[in-house]
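Close look at the chain arrangement
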Amino acid sequence: MFERIGIIAKSADEDVRAAVTATLAVLARRKLSVAIDENCAEVAGDTDAEVVPEPGVAHGRDLVIAIGGDGTLLRAAKLAFPGEASVLGVNLGRLGFLTDLNPEQVPDSLDGVLDGHYTIEERCVLRAEIVRDGEAIHSSDGLNDIVIQKWNTARLIAFDTYVDGRFVLSQRSDGMIISTPTGSTAYSLSGGGPIMHPQLRAVVLVPICPHALSNRPIVLEDTARIEIEIGDEYAMEVRVTCDGEPMPALEPGDRIRISRHDETVHLIHPADHDHFANLRAKLHWGRAPC
């Protein structure tokens, strides 16, 4: 099913070494074409894999394997998007909501995926644009979330929110999280947002420490066009991030326009993947009933 594989890994340590070694052993046995980034190369030892800069790992590949935590998988997704490459995660992080395989599962589970025993999910991606004087001056994408937040100030920021051209509310707060279902177990969850099933066609607006306690998370269809207009007060201290990566600085009167991207990220799961078992394990909800 997959013949051209790319691998990226978080910064090298002994856990990364073991996971990279196990992954490369499976791929070498199958005589697949493999490209690895510099972090993998540091620990891979003698390998026939092609070493490329991280931005080139997904180029011409069918599958990108991310060895690390959710942050590493988000990097892999950004490299693969938009394009044909799917993404599979090996979890070396703390929670790992997006990464399915533990290192000890790699020999068997990766073989199963390569034999075609997997499920594939299309995950929504959000496009954020900074609009100044009616013109989009910069855009970026987020698989997890778009976050509008105060930057280098202890004071609240002010902004107005519009959905599909209709005014929703004015808000003074530390900011706003606009999250996909994928990101609903990330910053959005810490901010009091709901956990959304990954196949739900929705986005959620989660205020960050709002001054008005009546400001609550709002769930919208993912077809909604969201606009945030930045007020004059402390506008120079407001920044926008897409999956944690900052966009250019804002100015008073700027608007952030957010909509669903036309393309999706393709996540690969082993055939026995269970979303609720994953939540139960990561969030310590207790064992399954007998």
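**Overview of the packing of aromatic side chains**
In this structure the tally under the stated criterion is two aromatic pairs. A centroid spacing of 5.3 Å and a plane angle of 40° characterise the contact between Phe2 and Tyr118, whose relative ring orientation is tilted. Here the residue Phe2 occupies a position in the segment before strand 1 (4-9), and Tyr118 occupies one in strand 6 (residues 118-132), the gap between them amounting to 116 residues. Positioned over the ring face of Trp151 is Arg239, at 5.0 Å from the centre of the ring. The residue whose ring lies beneath Arg255 is Tyr162, and the NZ or CZ to ring-centre distance is 4.6 Å.

**Concerning the side chain of Ser259**
Looking at the secondary structure, you find Ser259 in strand 17 (residues 255-270). For Ser259, a relative accessible area of 17% corresponds to the buried category. Ignoring anything within four residues of it in the chain, the contact list for Ser259 reads Val125, Leu126, Arg127, Ala224 and Arg225.

**Remarks on helix 3 (residues 70-80)**
Looking only at helix 3, the buried set comprises Thr72, Leu73, Leu74, Ala76, Ala77 and Ala80. As for helix 3, its buried residues are in contact with strand 1, strand 4 (63-68), strand 5 (86-91) and strand 17.

Conventions used here
- Residues numbered from 1 in each chain as written.
- Predicted model: local features only at pLDDT ≥ 70, side-chain atom pairs only at ≥ 80, totals over all residues.
- Heavy atoms only, no water.
- Phe/Tyr/Trp six-rings, centres within 6.5 Å; stacked < 30°, edge-to-face > 60°.
- Helix = DSSP H or I, 4+ residues; strand = E, 2+ residues; numbered from the N terminus.
- Lys NZ or Arg CZ within 6 Å of the ring centre and 35° of its normal.
- Buried < 20%, exposed > 50% of the residue type's maximum accessible area, 1.4 Å probe, protein only.
- Contact = heavy atoms within 4.5 Å.

So yeah, pure geometry; function would need other evidence.
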